[in-house]
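Topology and contacts: notes
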Amino acid sequence: MNSTVHILHAKNAFVALMLLLAIVLAFLAPWAAVNVDEQLHYPHAKKVVNWYFTFGADKSCLNTPQTNLKYYGQSVDNFTALVNRVIKIEDEFLTRHFTGAVFFWLLILFSGLLAQRISGSWLVAVFTLMALAFMPRLAGQAFGNLKDIPFATGYMAGLYLVIRFLKELPRPTWKTTVLLGLAIAFTVSVRAGGFILFAYFGLSIIIYFVLKPFYLKQIVSTKPVFVRLLGQGAVILLIGYFAGLLFWPYALQNVFVHPVESLGVMEHYKVSIRQVFEGKLLWSTQLPWYYLPKWILISTPVVILAGFVIFLWFFFRTIFSKIERIQQLLSEGLILFAFIFPFIYVIAIGSNLYSGVRQMLFILPPAAILSVIGISRLIKLIELKNRNISYALNGFFFLLLVLPLKHQATTFPIDYVYFNSLVGGNKNAWGDYEYDYYFHAIKDAAEDLLELANGKEIAVAMNCNLSNYFENHSNFKYEYTRFLERSSKDWDYGIFGLNYLHPFLLNKKNWAPSGILKTYYHHGNPVAVLVKRTDKTDFRGISEIKNGNLQEGIQLLEIAIEQEPKNVWLFVNLAKAKLATGDFSGFKEYLKRGKEIHPYFEPFFLIEATYFYRVEKYEESLAVLNNLFEINPRYLPAEQLLEDVKKKLN
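Another point: the overall build of the protein chain. Within the protein chain one finds 29 helices and 7 strands. What you see for the protein chain is a C-alpha radius of gyration of 28 Å, in line with the 26 Å of a compact globule of 650 residues. The C-alpha extent of the protein chain, read off along each of the three principal axes, is 90 × 60 × 55 Å. For the protein chain, contacts bridging at least 24 residues in sequence account for 70% of all contacts bridging at least 6. Carbon together with sulfur atoms contributes 62% to the accessible area of the protein chain, which is approximately 28,600 Å² in total. Within the protein chain, the 48 negative side-chain charges are centred at a point lying 12 Å from the centre of the 61 positive side-chain charges.

See below:
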């Protein structure tokens, strides 16, 4: 009787938590920040929708040489574009954020149901919900990440239905069969990597029959059951494959070749992005093999890591147990494999990973489920020996579980930026690891500027593509600029995220421009600034130099440097101008002063190598270029000079 009461209470708690989570997500969605990927994928989603509306006449969605977006199914992005177009919703990103909230809610639901089905405990399911809801790197991307969160949702739904199918053998229901096919189809429709669920399903069936050969013999010898299973397998394959391509124009051009081609592109993504990692600024194609393990280790709540290790100890301790444990071990083994295989696979093939664990978010829910199961087993084991100690252990793990909630509550909507105590928390991680790569901090700065403008005509410069904050305000003119090159643009106010900057600048505090109205902090770390430009001498000076008026430009920039002594771009332009006028001593002075501010800034090396080339010191020019390409192997502006120098040196 007590056991039944406990089950009912735990199940009720599960339902109550899911309802509470739905309310919280619905409340937070309107306050979520737009991220830079949304400004990339959503316009493409509009083109995809237009491809259908024009019956294929508008082929712009198939021509994506720079972004490679045609290789994404991105069905959820496409769905939001369709809804906005049909219903004519004005706030298009609000639709996206509510949609993201729905899929995050479904992700937690399927993960909780999967935890219950594996463990047989609704209490484990309840703590699984909490583990995922209080996982900042996952929950913090609930609203704007309509690729990785929906993919994780389909991934968990697929795993849940695979295990449900296995438990229903030898006569799985048609309902489970169709739902499994649809889960795979949805996952494929988001990213081609969803095809992995076919492999999981097939491998699970094979292992099941290897471990239970008498079931295989029974099925094969019973013709109706055998035929039914073959038919169900065919249905899963057909639905999972072809239904997943229905909202994916590029895949529909060749349903057998293009999906496989897209999978290859996703495994070795061609776009390389510079990242701060371990205090170095590297291209993502340069990152070491341990990039993903390191990020999981430092950005996952410690309780999840500890629980996962505890689970592994119990799992391998019982792996050779009695035959009645086979079904349980098979289910747990599948979830363990669903975490470990993608983790090892992307490392083994050298996948181009970046932005922390973002591309691998789908392996975090399986890890959380197993972690909660491991902690649950440890507490039960302790309870058999000392009930009081088990109570204390319960309280300890519960405290660790909810600890990230404080971070989430105080940092929203930048709550996805989370580092655990193994790396010293967020305070110590800033400057050593890529921080707010989605530019969520821009939201507060944009809202402050809108209030400050009060209807005035304003040109605003930003080092990201988040012009959406000003699109409905005709008095704003948006201008994109790289942060360090901001003086080359004509703007009145600047909103700059402190992302993708060299750690030397960040740690030496040499990044700060003059005219800062407000600095936005995250755990004491600056993440964005709102800047007022009180003088445009820097812009006028650079413009004069571009127009060939070198002496006038030099005079203006020398005045500008007095106002902005840490603006390395001014030193770059002054050094260029001095070199062009033949003032080598002035060139060397500004080169030296600029390098003291930012010794790793590529333009300084290019200018210096150009100087050596002009004075026919080709060996010195080559040495400088070699240093430059060691800092940045992909610095294209220097390639022509390198070729010219090598010709001179034969």
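Text resumes after the structure shown.
With that out of the way, let us pick up helix H4 (residues 92-119). In this model H4 runs 41 Å from its N-terminal to its C-terminal C-alpha over 28 residues, within 8% of the 40 Å that 1.5 Å per residue would give. Positive phi shows up at glycine 120, right after H4, with a value of about 75°.

Further remarks concern helix H11 (residues 223-242). With 20 residues, H11 should reach 28 Å at 1.5 Å per residue; the first-to-last C-alpha distance of 28 Å fits that figure. Every buried residue belonging to H11 is among Val225, Leu229, Gln232, Ile236, Gly240 and Tyr241, and all of these are buried. Take H11 and look down its axis: the buried residues cluster within an arc of 145°, on one side only. Turned more than 90 degrees away from the buried face of H11 sit Lys223, Pro224 and Leu230, all of them exposed. In the core, the buried residues of H11 are packed alongside helix H7 (148-168), helix H8 (174-190), helix H9 (196-211), helix H10 (213-221) and helix H13 (258-267).

A pair can form between side chains of opposite charge whenever their charged atoms are brought close. All chains considered together, the criterion is met by 26 salt bridges. Arginine 358 is paired through a salt bridge with aspartate 148; the nearest N and O atoms lie 3.1 Å apart. Within this pair, whereas arginine 358 is found in the loop between helix H16 (326-348) and helix H17 (364-385), its partner aspartate 148 is found in helix H7, the two being separated by 210 residues in sequence. Across the pair, aspartate 148 and arginine 358 agree in class, each one buried.

Thresholds, definitions, all that
- All residue numbers refer to position in the chain's written sequence, counted from 1.
- Where local features are concerned, this predicted model is filtered to residues with pLDDT of at least 70; where side-chain atom pairs are given and counted, the filter is 80 or more; whole-chain, interface and lining totals use all residues.
- Working from all heavy atoms in the structure, the side-chain values ignore hydrogens and water.
- Helix and strand definitions here come from DSSP, where helices need a minimum of 4 consecutive H or I residues and strands a minimum of 2 consecutive E residues; each element is numbered from the N-terminal end.
- Radius of gyration: over C-alpha atoms. The globule rule applied is 2.2 Å multiplied by the number of residues raised to the 0.38 power.
- Residues are treated as being in contact if the distance between any of their heavy atoms lies within 4.5 Å.
- Exposure was quantified through the Shrake-Rupley algorithm and a 1.4 Å probe, taking into account, for residues, occlusion by the shown protein chains and nothing else.
- None of His or the chain ends enter the tally, which takes Lys and Arg as positive and Asp and Glu as negative.
- By convention, the charge on Lys lies at NZ, on Arg at CZ, on Asp at CG and on Glu at CD.
- One less than the number of residues in a helix, times 1.5 Å, gives the span that helix is expected to have.
- When accessible area is computed with a 1.4 Å probe and restricted to protein chains, residues below 20% of their type maximum are described as buried, those above 50% as exposed, and intermediate ones as partly exposed.
- Along the arc lie the directions from the helix axis toward the C-beta atoms.
- Salt bridge, as applied in this entry: a Lys or Arg side-chain nitrogen positioned within 4 Å of an Asp or Glu carboxyl oxygen.

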